[in-house]
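# Topology and contacts: notes
Spelled out from the first residue to the last, the chains are:
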Amino acid sequence: MLLFREKIPADWLPKILSDLQAVLVDHAHLERKAATTALNLEKYRDLFPRVADLNAIAIEELQHFQLVLDLLKQRGIPFGQAHPSHWISGLMRSVRSGSRPQVIDHLICCAFIEGRSCEKFQILSRELLSIDRELAGFYAGLVESEGNHYATYLLMARAIDDAETDRRLDFYLELDARLIREPNPLPMLH
Ligand SMILES: [Fe+2]
Ligand SMILES: [Fe+2]
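Computed from a prediction, not measured in an experiment: that's the story for all the values here. (Residues numbered from 1 in each chain as written. Chains lettered and ligands numbered in written order. Predicted model: local features only at pLDDT ≥ 70, side-chain atom pairs only at ≥ 80, totals over all residues. Heavy atoms only, no water.)

## Things to note about the overall build of the protein chain
- Helix and strand counts for the protein chain come out as 7 helices and 0 strands.
- Each helix (α) and strand (β) of the protein chain, taken in turn from the N terminus, gives the series α-α-α-α-α-α-α.
- Taking 16 Å as the expected radius of gyration for a compact globule of 190 residues, we find that the protein chain reaches 16 Å, a close match to that expectation.
- Principal axes of the C-alpha set define a box for the protein chain whose edges measure 45 × 35 × 30 Å.
- Counting only residues that meet the buried cut, the protein chain has 49% of its 190 residues in that class.
- Long-range contacts, defined as pairs at least 24 residues apart, comprise 82% of the intrachain contacts of the protein chain with a sequence gap of at least 6.
- If you sum the accessible surface of the protein chain, you get close to 9500 Å²; carbon and sulfur atoms cover 55% of it.
- Counting 22 positive and 27 negative side-chain charges, the protein chain places the centres of these two groups 4 Å from one another. (Helix = DSSP H or I, 4+ residues; strand = E, 2+ residues; numbered from the N terminus. Rg over C-alpha atoms; globule rule 2.2 N^0.38 Å. Buried < 20%, exposed > 50% of the residue type's maximum accessible area, 1.4 Å probe, protein only. Contact = heavy atoms within 4.5 Å. Areas by Shrake-Rupley, 256 points an atom, 1.4 Å probe, with all protein chains shown as cover. Lys, Arg positive; Asp, Glu negative; His and termini not counted. Charge placed at Lys NZ, Arg CZ, Asp CG, Glu CD.)

## Remarks on the coordination of the iron ion (ligand 1)
- Donor atoms from the polypeptide that bind the iron ion (ligand 1) are E31 (OE), E61 (OE), H64 (ND1) and E146 (OE), placed at 2.0 to 2.2 Å.
- Read in sequence order, the donor residues coordinating the iron ion (ligand 1) give the pattern E-x29-E-x2-H-x81-E.
- For the pair the iron ion (ligand 1) and the iron ion (ligand 2), the metal-to-metal distance amounts to 3.4 Å, and E61 bridges them. Remark: E146 occurs in helix α6 (residues 133-160) and H64 occurs in helix α3 (residues 51-74); sequence separation between them is 82 residues.
- The exposure class of H64 is buried, given its relative accessible area of 6%.
- On the accessibility criterion, E146 (2% relative accessible area) is buried. (Donors = N, O, S within 2.8 Å, 3.2 Å for Na, K, Ca; no water.)

## Some words on the packing of helix α2 (residues 20-40) against α6
- Viewed as axis vectors pointing N to C, α2 and α6 meet at an angle of 30 degrees, and their least axial separation amounts to 14 Å. Accordingly, the angle class assigned to the pair α2 and α6 is roughly parallel. The element α2 and its partner α6 pack so that their crossing is left-handed. Contacts from L20, V23, L24, H27, E31 and A38 in α2 reach L135, F138, Y139, L142, E146 and Y153 in α6.
- Looking at the contact of α2 with α6, its residues break down into 9 nonpolar, 1 polar and 2 charged. (Axes fitted to C-alpha atoms, helices over the stretch in contact; angles between N-to-C directions. Parallel < 35°, antiparallel > 145°, perpendicular 65-115°, else oblique. Left-handed = near helix turned anticlockwise from the far one by under 90°. Nonpolar A, V, L, I, M, F, W, Y, C, P; charged D, E, K, R; others polar.)

## Structural notes on the nonpolar core
- Core analysis: the biggest nonpolar cluster contains 59 residues, and L47, L107, F112, Y139 and Y153 have the highest contact counts within it.
- Breaking this core down by element, the ones donating at least two residues are α1 (12-17), α2, α3, α4 (86-93), α5 (99-127), α6 and α7 (162-180).
- Apart from the residues lying within four places of it in its own chain, the contact partners of Y153 are A38, L41, L54, I57, L107, C110, A111 and E114. (Core = buried A, V, L, I, M, F, W, Y, C linked by side-chain atoms within 4.5 Å.)

## A word on the coordination of the iron ion (ligand 2)
- Protein-derived ligands of the iron ion (ligand 2) are E61 (OE), E114 (OE), E114 (OE), E146 (OE) and H149 (ND1), with the metal-ligand distances lying across 1.9 to 2.8 Å.
- Between consecutive donors of the iron ion (ligand 2), the numbers of intervening residues give the motif E-x52-E-x31-E-x2-H.
- By relative accessible area, H149 is classed as buried at 3%.

This is the structure we're talking about:
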């Protein structure tokens with residue numbers, strides 16, 4: 001279902017497994033930002049009819065955020081500072097201005113973040129089985145939800161302008177393929 005052109009780099013998984021505590025803090029912020037992003041999308045006129053759907057996503061992301069916070073507490077990991085993601089800021093930097101272009105680009109960026117999360121959570125649910133069974137189950141439990149968010153954002157963009165979404169998807173798939181290959185030494189999900 002996911003349409004990415006570039007595989008997740010081979011050094012991503014060992015980097016993640018080397019510091020799961022830092023990854024969980026990063027993940028908490030990722031869910032927090034996903035909740036606020038869903039609410040931010042409600043500012044676009046084209047998405048006024050979808051405000052209830054966006055609220056539902058924001059609520060789900062907030063629940064994910066709380067689940068990660070519970071895990072942090074249970075494991076005695078302090079909630080710390082977020083590190084900015086070059087991959088996410090690289091995608092967002094290419095969002096065009098002007099209401100229609102902006103909403104299409106913003107939705108595609110959101111879809112990509114959800115899609116890459118879905119992909120990575122799926123890898124973690126498999127790879128963590130022999131290392132940390134509880135965490136493996138936790139990630140397995142998030143895969144479907146993030147996959148649904150990916151599809152919902154993409155369908156929202158298509159409902160606004162199908163042809164323009166296709167054109168911008170081509171642009172963003174190339175950008176994602178380039179950005180994901182850029183080295184990032186930090187143990188971050190994105
Ligand atoms: Fe989430
Ligand atoms: Fe999500």
